[in-house]
Amino acid sequence: MDKHEWEKGDELIFSDRSTPEARRLAERYGYLPYIVERYLELLGGEAEELLEANEEPMSETIRCNDFKISCGELEARLGEAGFEIERVPFLPHGYIITKAPISPGATHEYLKGYYYLQDPGSMLVVYIMRPRPSATILDMAAAPGGKSTQILQLTRDSALLIAVEPKRDRVRALRSNLQRMGFSNYIIIKSDARNLKLNVKVDQVLLDAPSSGEGIIRKDKRRKTKTALSDLKRIHYLQLELLNKALDAVGSGGSVTYAACSTAVEEGEYVVHKVLQDRDYVATERPAGFPLSEAFEEYRGVKFDDRVKGCGRLFPHRQGTEGFFICNMRRLG
Ligand code: SAM
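Because the structure is predicted, anything quoted here is derived from the model rather than measured. (Residues numbered from 1 in each chain as written. Predicted model: local features only at pLDDT ≥ 70, side-chain atom pairs only at ≥ 80, totals over all residues. Heavy atoms only, no water.)

Enquirer: For the state of the cysteines, give the residues involved together with the corresponding values.
Expert: By the definition in use, this model includes 2 disulfides. Linked covalently through their sulfurs, C64 and C71 form a disulfide whose S-S length is 2.2 Å. Taking the torsion about the S-S bond as the criterion, the C64 to C71 disulfide, at about -100°, is left-handed. The exposure class assigned to C71 is buried, which follows from its relative accessible area of 13%. The partner cysteine of C311 in its disulfide is C327, sulfur to sulfur 2.2 Å. Given an S-S torsion of about -50°, the disulfide between C311 and C327 has left-handed geometry. Placement of C311 in the loop between β13 (302-303) and β14 (312-314) and of C327 in strand β15 (residues 324-331) is noted, with a sequence separation of 16 residues between them. Judged by its relative accessible area of 0%, C311 falls in the buried class. Its relative accessible area of 0% is what places C327 among the buried residues. Here the cysteine-cysteine linkages of the chain are recorded as 1-2, 3-4, numbering only bonded cysteines and doing so in sequence order. (Disulfide = S-S within 2.5 Å. Buried < 20%, exposed > 50% of the residue type's maximum accessible area, 1.4 Å probe, protein only. Helix = DSSP H or I, 4+ residues; strand = E, 2+ residues; numbered from the N terminus.)

Enquirer: Please provide a residue-by-residue account of the pairing of strand β1 (residues 61-64), values included.
Expert: Alternating positions in β1 separate into two faces, T61 and R63 on one and I62 and C64 on the other, with burial throughout. Pairing between β1 and strand β3 (residues 94-99): 3 bridges, direction antiparallel. Residue pairing for β3: I62 is matched across the bridge by Y95. For β1 and strand β4 (residues 115-117), the ladder comprises 3 bridges, and the chain directions are antiparallel. What sits directly across from R63, in β4, is Y116. (Pairing = 2+ DSSP bridges.)

Have a look at this one:
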């Protein structure tokens with residue numbers, strides 16, 4: 001796809017349109033009309049199910065940190081403290097809190113690093129990434145550290161984690177979470193990941209990209225109106241730069257996991273589509289065994305690269321999680 005085609009694609013994909021039906025639903029549920037228009041175009045009759053699901057509050061979920069405590073012991077301790085928790089079938093360390101006598105962020109067990117408060121989709125990203133023991137892993141947008149701590153947990157603190165975050169207060173939260181949860185094999189770099197200069201290739205990259213957060217409307221209703229279409233375009237281009245950087249950071253055989261907490265194709269399929277145009281040596285790998293929906297194959301007449309089919313999605317109305325786009329890529333050369 002040459003530049004001219006990109007411009008044509010952008011014109012279609014970022015055009016501000018809304019039908020009377022989109023405007024009616026946008027008014028009813030309190031969204032910017034362009035957001036609902038996209039749901040209608042992509043999901044048809046299912047769009048209203050998504051809007052309804054976004055009205056449902058999300059239960060709090062935790063990830064048991066079995067680097068510090070066995071999950072059985074954590075279950076017992078939380079039970080004694082009056083919590084009721086249930087395992088989430090597709091998340092090996094995930095529990096839903098069904099009853100909480102106090103805030104789950106204020107318990108002794110939390111302060112000791114026995115668990116992390118983390119939404120299910122966010123946890124799923126790192127299981128899908130499959131961080132390898134002893135690998136050098138770059139987490140390009142790391143704070144506050146949900147996925148960084150999960151990477152070190154799954155590798156038993158044996159991966160060398162390079163965690164990048166540009167914002168000072170968020171670096172503080174990242175450091176505090178890594179320390180609280182008992183990990184030591186990490187370096188934190190305070191930087192815009194686009195400006196990173198690494199002299200070596202890494203084995204794996206996680207890009208949990210800065211996004212509109214359209215996927216967490218269930219938790220933050222402001223996301224219904226926060227992102228103007230012009231902002232979405234700016235975020236799309238930021239993700240594009242970051243994903244290009246991620247693919248340049250790994251050597252042959254290395255993997256890049258790109259995730260965005262969003263239901264928007266502009267923060268998912270369309271980014272992967274553009275990035276793959278000049279990269280015939282990159283494959284996408286659809287993970288088996290996870291409850292992912294198919295990625296979108298085309299939008300507004302722009303047919304995405306075939307490899308986009310290897311990516312997947314989570315939706316509040318289908319999986320009951322946040323909205324997420326998740327794509328595992330591998331450099332073959
Ligand atoms: N991965 C984190 C976790 O699981 O806890 C959440 C990451 S959040 C979705 C995106 C993060 O990217 C934010 O902390 C934001 O400050 C950071 N960010 C924004 N612009 C960035 C950039 N240019 N380079 C690296 N990180 C950036």
